[in-house]
Amino acid sequence: ENDNVRILCLQHIVNVVSGNRDLFRSLAEDDDSTLHFLTVKLKENKSAENSLSSADACLRSVLSRFTVESNPEVRLLLARVLGEIGAINPRCVDNGSETEPCSYSEMGKRWLVENKPWKKAKARVLYELQLVTIHFVAALKAAPTPTDQHKIAFAIQEILKSLDSNASEKNEIDSEDEKKEMSPWLRDNLVKSEVLSVIEPYWTTIYKLTEGCKSKPPPFYADANSYYTWLAEWGRFMIERSHDNYRSRFRDLFYACRSAIRSEAGLGVLEFLLPVLVLDSLCFGEDVDRQTTVNELRGVLEKVYISSMDKLEVQKSVDCVFAVLKVLQCWAENEIEDSHKNQRGGTSSRGRSSTTSINLCESSDWPAEESVTVIEELQELVPFDLCAKAASRVGMHAQALRYLEMDVRRKEASKLFDGESMGDLPYHDKIVKNAGHIGWNRIDGMEIGLAHRLFGELNDKNAMSAMARCREELSTIDQIRERQSYGDWDGVLRLCELESQTRQNSEQNQLVLEGSQIMALIQLGHLDSALNQVRGIIGGISTKSNEECSMHDRKGILLPYAAEASWKLGQWGLLDELLQLSAANNLPDKSNVIQGPETDYNLALAKSILALKMNNKAATLEAIQEARESIIPPLSVVASEDYQRAYPYLLKLQCCREIEDAVCHTSLADQYRLNARGSLLDYDVSMDTISIRLTLSRIVACPEQEAFLWLSAGRKARKEGLFHLAENSLVHADAIYQRLNKEIGSEKDSEYISQIRIHTNEVRLQVAKLKHAIGESTEALRMIDCNEFHQLLLRRDAKDGTLTKALTKMQEENTIKSFARNALQATEWIVKSGLKSGSEAIARYEFLNQISPKWERSHFHFAVYLESILDSRIITLAAQKGINADVDDTRSTVIRLDPICQKYLFDAVKQYGEALRFSQKHVFQALPRLLTLWTDFTTIDIDDDNGISNQDGVNKLMSDIYKTIPAVSFYSVLPQLISRIGHSDEDTRTILCVILKRVLVKFPAQALWHLVWLRFSVHNDRRIQGEDIFKGAQKSLSRNESMKMHDLLEASKGLVSFLISLAKHVPKKQTQSNMTIECWEGTNLKDFIPPVQAALTVALHAVGKKGRPEPFPQYIPRIRAFCSVVQVMASKAKPKRLSAFVVAEGSKSIGIRGGKEKKPQPDDIGEMHFLVKTEAKGDLRKDARVQDLNTVINRLFANTAGSGRNIEKQYRSLNLRTFSVVCLSEECGIIEWVPSTNSFRNLVSSCYNPHANRYSARRRGKRGSNFSDVHLRASFIKSQEQYMKLGNLTAAAKMFDELLLKEYPPVFYWWFIHSFSDPHKWFEARTKFALSAAAWSAVGHVIGLGDRHSENILIDTTKGECVHVDFDCIFDKALFLPRPEVVPFRLTPNMVDGFGPTGADGTFSGGLQAAMTTLRDNRDVLLSVLEPFIRDPVIDWKRQRAPKKGAKEDNENKGTIEAKRSIRTIDERLKGMYNLRNPNHKKIKRDRAANEDDEIAKMLPLSIEGQVHKMISEATSHENLVQVYFGWMPWL
């Protein structure tokens, strides 16, 4: 709490981080947090927290401190710490981590919500105890002077008297001369709170307070100059009024605290008491007191613009009012729901009591019902729309959006929830068949313009666009803001120019237009144009300060941009003149409204750069200090929000730090290496950093680095689809490199010359790629398909040594790599465009491999091309014979009979192997295809000697290849390897077993969990092979003297036997909820890696990239012992929930062998929970394979997050929450327990709409989620029978809407409101829910995942993230259930309600589009991974298709045919076809046009936008929802 202590700590942190920047970067990239492994973290053990990623933890701690820090020196040090850490990529920061409240104020708010003043008979005692043990202790430590300490001490003394009086049940304590001992009750509570040593001295003090003058009369906010002044004056006034009011219930408590609020150290005490003071005034005060309280609350919200306070002080005041309103609202809602629970089964009258009178004589308790009424009246007097506008003005955007949405919900509540006749529901009638509004939305009555701006400020571009589509005419200013948020600066420039030419604008709008136009020019690189535009607007830079106010405002906006353009251009004289003009006019003009720091920051940054250019160290450091100070206010506002919003300000702090480093270092070229931070930055926000480095490179005259920076920026911009910026950057790079090439002389060393030539060629290649991307394919190919390559290609077999000489020359000049890159890129374009094929393309690839034999990319693309030729030849030969090439037998027959196909296959396997030998970049594509080609070919029964020889050759080739591929790569495809362990060819089977042994030897602790089920297989041959693999691995480990791992594999058999016996155990009683077991008697459990996803999954950057020695997390907590008390779940299969006590890695604690462990030990850091179960009908290996697939998809999402060709990028990365599924045998398995989750149905059941009448049947979600509700079931069956019996689907859908959707309106929106009181966490949780639902929906539709009833979708209650479970119904199996599941995914009313006001449009549809884009762009990768899974002979993937009458299908080929059909279906979906066909479609009576539309959609591929729209339309279609079975609960 002490400022000096914090200053010393932060200074030390600055030094530590400054000296370990590389370490912080690696920690940011490698998040090995121990907390990721734990199901339950023991709060009393802090060792788990010590394993957090240091960069992540430090960053979040410093940011959270920003929100509560008021000392300027401390805040400046916090800014320095953030600058030293740098702008870590948002994808590397765990934004959803739950952290403890960082301030006593936050803890106080949480405590208040849970403890209403009328909660217990002696609620005042609870409040007094909370004050003395928490808030007074904090205030005492924070008191800066002895006088402040005495003020706090007096309050402690008075509260102790009251507490002891209540404990001894006396009305007053003994006189001061006869002061007794502290009561045991009070002492025990102080000891329990660990504050006895601090508080006890004040038990015997005899402080007396000299009462001063009375408080000033209201109003208080209008004249206050600081947040504390306002709150202290108002609080003092209310305490005095309460003390004079005998009806006040807490008057003595308030009066005892009167001295504490006179010190700024006691501000937390006053913030804690304020909600109770306000309610006390409203309930027990006179009319004038109630009116004064309401006026003061409204006054703060209404006078944001005219307040004399500093910006941050205004924000604190507004936030304080919101905190009071929030606490009061929670008290009222909780009281209503508690009363409802207590009155279940009884009868109650409709409506509520209208009385506001309070009986003050009958009871001393605080009246609950009357308090609720008073709070509801206050909500009417301080409406949500007023709160929303005030929050928006002070920069609290999430809070503003929350209030804005709640205002709309409040207005519609009576119509939708309270009325007897529901009428037409707006959100059910808004299913529109165009590309605009899709799904249900809740925007009627909303101020669209404000919502549009708020979503933009919160970086939700998709919701912002949805709001724009909801508005008939969006203003040009709002359109400009939307384009700015996308980074569409071309669009901004066009809108500004159009608006300037066609309309007359107000002064304020004109300023916005001019500022936006200049900003767009700068962002597009038109710096000279930006300067000319500024000159034209302000009439030249020599204009003096005797202009009108409007011109002064224009200078305040435009001069900072002009200064930025000047230093970027290196026009130092002009920059000096601009800065002098700015200083002469006292720019920028300050405002009380919190805005971005651009004006202050740009000018300060320009000053620092100019001072650095002039070699003025003192002036540079002074300007950097000024720049940091300008960033602190807005950063303080967004620091408590998501990291993405703080990210741009962190970039600015990093820029300040880099300039500061330049002052302290003599060699800028060494200091600003490109690989220092650039790889962690996204292009659109990293241009700040790149521009700084470019300028510093110019200052020190380092053209080589300047050119390389331009080249890197151009490459990055091209990949992001920002082609104009890429062109500008590459032009600058090319100009510098051309100049450097001309200046090369004899004094330059060969390495320098080589690097310049390499980079010159790289610029040419990047320009060619840019031209190809914008459609200039011919020009792009001409630039890189050089004549030299064609000449060498023609003479590669010549014996005159031409090729050798040319290659030798390129090697000497170190340009052979650039030559090969150009040639390969040209070859890929040629093949893709069909300019050359067959032997010509093969010749080019072979020549590339000849000149660059160790280049992975060349081998990989050659292999892909060879495989495409193989497939084409098979299709051609099969067509000639009139047979279907999609059937495996046909494919095998063609390959068996055609030697050319066998050659292509052999060559493809060889090239894939060569690619994997030299690099693992394409491992997830190359290795699955390699294994599939190899194992499929050796399965074919070939009779001729040539074919047998080819099979032997492939096996021989694989026996050589596998030795060159790292074991970690094979670990990533273990499921595919295991699936072919029963291969028909003995040589292939032997090689597979050798590979599995190698992986088990290399990673025994992890791989054993994947392989162990083979040892317990119900099939004898698999069991024998499993034993052979484990015994062989143990022998190898023994030879390598790795006896610990040898013993681990030996002990694993006993551990798995223990788990299988537990899974198969049948409790004696069906109702038994738990059982006691004996702990496992085997070796130390800590030797095993726990079977959780985080421990068994290879790190994203471990496979496919060089330089990481360890592919798994370095620090994995270990299981000390299993808990002997096992919970038996209630389902039919009786799965068991097994808990394990966990210690940190390296701990010496051990469990009890054969004994009983029921409680954690002191060294335990937490618990891991597992579900051990037996599957009677399903197969857990399906779940395991789907989790493996999801892991691959997560890698794709991670690689494409925040990037792409679209301007509207998905800033929040997509992710599928996965968990470990370990098969112990074909029948048993152990599943990782997903912590902090609850089913979607249970959460909906817990929801209620607080704005609906408390007695309305529609107020609560429990009614619509009750399976046993007879009326609910009857209504659904009645609706479904219209279709099932009468065949009238339209009538069924209409009845479904009337009887269910309108009768059970959605309430899931309110779960987020009630679960996340903090507005920023609320918004992030809802966004995460929408995006995770979108990701699962995309993946689920592609792979045909069904049975998505409300119990199979879980929600993480701490983050809002969706988690899907139970993957037995996959590959469209749900279409063939008795009640087919004809929707592509679950998108029911409550799910849509949870997405917010835009419904399925906005965040969800944007996330779905981003997910489908990733999946479709990586179609080859997904098919490469999926095909081995689907064709896995170990698992029965077959769907339940009813055979046609009279049809005889070969059982042996049925699985193959189904696998092919599934692959084809998935391939079509990845191409954009909607092929989800209802098996009962012929029974449906629909109009002809609708049927034709469905058929066309199944035949023609759609764009990504069209496919997403179709999927959402089908998922929300009432006609589809009414067809599913009752347990699916389609109305929920």
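A word on the overall build of the chain. In terms of helices and strands, the chain carries 64 helices and 11 strands. Taken across its 1532 residues, the chain has 58% of its residues classed as buried. A separation threshold of at least 6 residues defines the contact pool for the chain, and within that pool the share at least 24 residues apart is 75%. Put simply, the chain shows about 64500 Å² of open surface, and 49% of that area lies on carbon and sulfur atoms.

Here strand β4 (residues 1125–1128) shows a clear split, with Val1126 and Val1128 buried on one side and none of Val1125 and Gln1127 buried on the other. Bridge count between strand β2 (residues 1074–1076) and β4: three bridges; the pairing is antiparallel. Paired with Asn1074 across the strands is Gln1127, a residue of β4. Pairing of β4 with strand β5 (residues 1136–1143) involves two bridges; the strand directions are antiparallel. The residue bridging Val1128 from the neighbouring strand is Lys1136, located in β5.

Here we take up the nonpolar core. Counting residues in hydrophobic clusters, the biggest one holds 341 residues, and the most contacted among them are Phe136 and Trp230. When near neighbours in sequence (up to four residues on either side) are disregarded, Phe136 contacts Leu131, Ile152, Ala155, Ile156, Ile159, Cys257, Ala260 and Val269. Leu10, Ala79, Tyr647 and Leu653 belong to the second largest nonpolar core, which has 55 residues in total.

So, on to the sheet that holds strand β9 (residues 1237–1239). Note on sheets: strands pair through backbone hydrogen bonds, and any given pair is parallel or antiparallel. Strand order in the open sheet formed by three strands is β9-β10-β11, with antiparallel pairing between adjacent strands. Edge strands, defined here as strands with exactly one partner in the open sheet, are β9 and β11 (1362–1364). The sheet shows a mean angle of 35° between the axes of neighbouring strands, taken without regard to direction. Where strand β10 (residues 1353–1356) meets β11, three bridges bridge the pair, whose relative direction is antiparallel. Directly across from Ile1355, in β11, lies its bridge partner Cys1362. Along the sheet, helix α57 (residues 1319–1343) makes contact with β10 and β11, crossing β11 at roughly 30°.

So, about the confidence of the model for the chain. Averaged over every residue, the pLDDT of the chain is 80; the share at 70 or more is 82%. Ignoring residues within four places in sequence, the model shows residues 170–177, a span with pLDDT below 50, making eight contacts including any to other chains. When the criterion is pLDDT under 50, residues 346–364 qualifies, and its contacts beyond four places in sequence or with other chains add up to 24 contacts.

Turning to the environment of His790, a few remarks are in order. For His790, the position within the fold is in helix α36 (residues 787–794). You can call His790 partly exposed: its relative accessible area is 23%. Residues His790 and Ala823, 33 residues apart in the sequence, show an inter-C-alpha distance of 9.6 Å. Setting aside its immediate chain neighbours within four residues, His790 contacts Asp785, Lys836 and Arg844.

A few words now on the packing of aromatic side chains. Two numbers describe a pair of aromatic rings. These are the distance of the centres and the angle of the planes. One pass over the full model with this rule turns up 41 aromatic pairs. Taking 5.4 Å as the distance between ring centres and 75° as the angle between the ring planes, the aromatic pair formed by Phe1003 and Phe1112 counts as edge-to-face. Note that Phe1003 is positioned in the loop between α47 (986–1002) and α48 (1004–1015) and Phe1112 in the loop between α51 (1093–1096) and β3 (1118–1122), a separation of 109 residues in sequence. As far as the burial class goes, Phe1003 and Phe1112 line up, both buried. Here the aromatic cluster, defined as three or more aromatic residues joined through ring pairs, consists of Phe1240, Phe1308, Trp1311, Phe1312, Phe1316, Phe1329, Phe1385, Phe1395 and Phe1404. Note that Arg409 overlies the ring of Tyr1309, its terminal NZ or CZ placed 3.8 Å from the centroid.

Let us look at unusual backbone geometry. The residue after Pro218, namely Pro219, is reached through a cis peptide bond having omega 0°. Along the chain, Pro219 turns up in the loop between α9 (196–199) and α10 (227–243). Positive phi, close to 65°, is recorded for Asp1366, a residue that is not glycine. Looking at the element boundaries, Asp1366 is found in the loop between β11 and α58 (1389–1394).

Further remarks concern the pattern of salt bridges. Under the defined criterion, the tally for this structure stands at 61 salt bridges. For Glu128, the salt bridge identified is with Arg124, shortest N-O distance 3.4 Å. In this pair, Glu128 and Arg124 both sit in helix α6 (residues 123–142), four residues apart, roughly one turn of the helix. Taking relative accessible area as the criterion, Glu128 reaches 1% and is therefore assigned buried. One salt bridge in this structure joins Arg693 and Glu658, with 2.9 Å as the shortest N-O distance. Highlighted residues: Arg693 in helix α31 (residues 683–699) and Glu658 in helix α29 (residues 643–664), separated in sequence by 35 residues. Here the two residues Arg693 and Glu658 agree in accessibility, since each one is buried. Connected via shared salt-bridge partners are Arg1419, Asp1420, Asp1467 and Lys1471.

Our next topic: helix α27 (residues 598–613). With 16 residues, α27 ought to run about 22 Å at 1.5 Å a step, and its terminal C-alpha atoms sit 22 Å apart, in line with that. All of the buried residues along α27 are Tyr601, Asn602, Leu603, Ala604, Leu605, Ala606, Ser608, Ile609, Leu610, Ala611 and Leu612. One or two residues past the end of α27 sits Asn615, with phi positive at roughly 60°.

On to the packing of helix α34 (residues 750–773) against helix α35 (residues 777–784). Where α34 contacts α35, the two axes come as close as 7 Å, and the packing angle between them is 160°. Comparing their axes, α35 and α34 come out roughly antiparallel. Relative to α35, α34 is oriented so that their crossing is left-handed. Judged by residue contacts, Arg764, Leu765, Val767, Ala768, Lys771 and His772 of α34 engage Ser777, Glu779, Ala780, Met783 and Ile784 from α35. Here the residues of the contact of α34 with α35 sort into six nonpolar, two polar and three charged.

We now examine the side chain of Glu240. As for its placement among the helices and strands, Glu240 is situated in helix α10. By relative accessible area, Glu240 is classed as buried at 18%. Excluding residues within four positions of it along the chain, Glu240 makes contact with Cys213, Lys214 and Ser215.

So, about the environment of Ile961. On the secondary structure map, Ile961 appears in helix α44 (residues 945–964). Given the relative accessible area of 6%, Ile961 is considered buried. Sequence-wise, Ile961 and Val909 are 52 residues apart; in three dimensions their C-alpha atoms are separated by 9.5 Å. If we ignore the near neighbours within four places in the chain, the residues touching Ile961 are Val909, Gly913 and Leu930.

Between helix α43 (residues 923–939) and α44, the shortest axis-to-axis distance is 10 Å and the interhelical angle comes to 145°. Seen from above, α43 lies across α44 with left-handed handedness. For the pair formed by α43 and α44, the contact residues are Leu930, Leu931, Trp934, Phe937 and Thr938 on the first element and Gly947, Asn950, Gln951, Val954, Asn955, Met958 and Ile961 on the second. Here the contact of α43 with α44 is built from residues that sort into seven nonpolar, five polar and no charged.

Cut-off values and rules
Residues numbered from 1 in each chain as written. Predicted model: local features only at pLDDT ≥ 70, side-chain atom pairs only at ≥ 80, totals over all residues. Heavy atoms only, no water. Helix = DSSP H or I, 4+ residues; strand = E, 2+ residues; numbered from the N terminus. Buried < 20%, exposed > 50% of the residue type's maximum accessible area, 1.4 Å probe, protein only. Contact = heavy atoms within 4.5 Å. Areas by Shrake-Rupley, 256 points an atom, 1.4 Å probe, with all protein chains shown as cover. Pairing = 2+ DSSP bridges. Core = buried A, V, L, I, M, F, W, Y, C linked by side-chain atoms within 4.5 Å. Axes fitted to C-alpha atoms, helices over the stretch in contact; angles between N-to-C directions. pLDDT = per-residue confidence, 0-100. Phe/Tyr/Trp six-rings, centres within 6.5 Å; stacked < 30°, edge-to-face > 60°. Lys NZ or Arg CZ within 6 Å of the ring centre and 35° of its normal. Salt bridge = Lys/Arg side-chain N within 4 Å of Asp/Glu carboxyl O. Expected span 1.5 Å × (residues − 1). Parallel < 35°, antiparallel > 145°, perpendicular 65-115°, else oblique. Left-handed = near helix turned anticlockwise from the far one by under 90°. Nonpolar A, V, L, I, M, F, W, Y, C, P; charged D, E, K, R; others polar.

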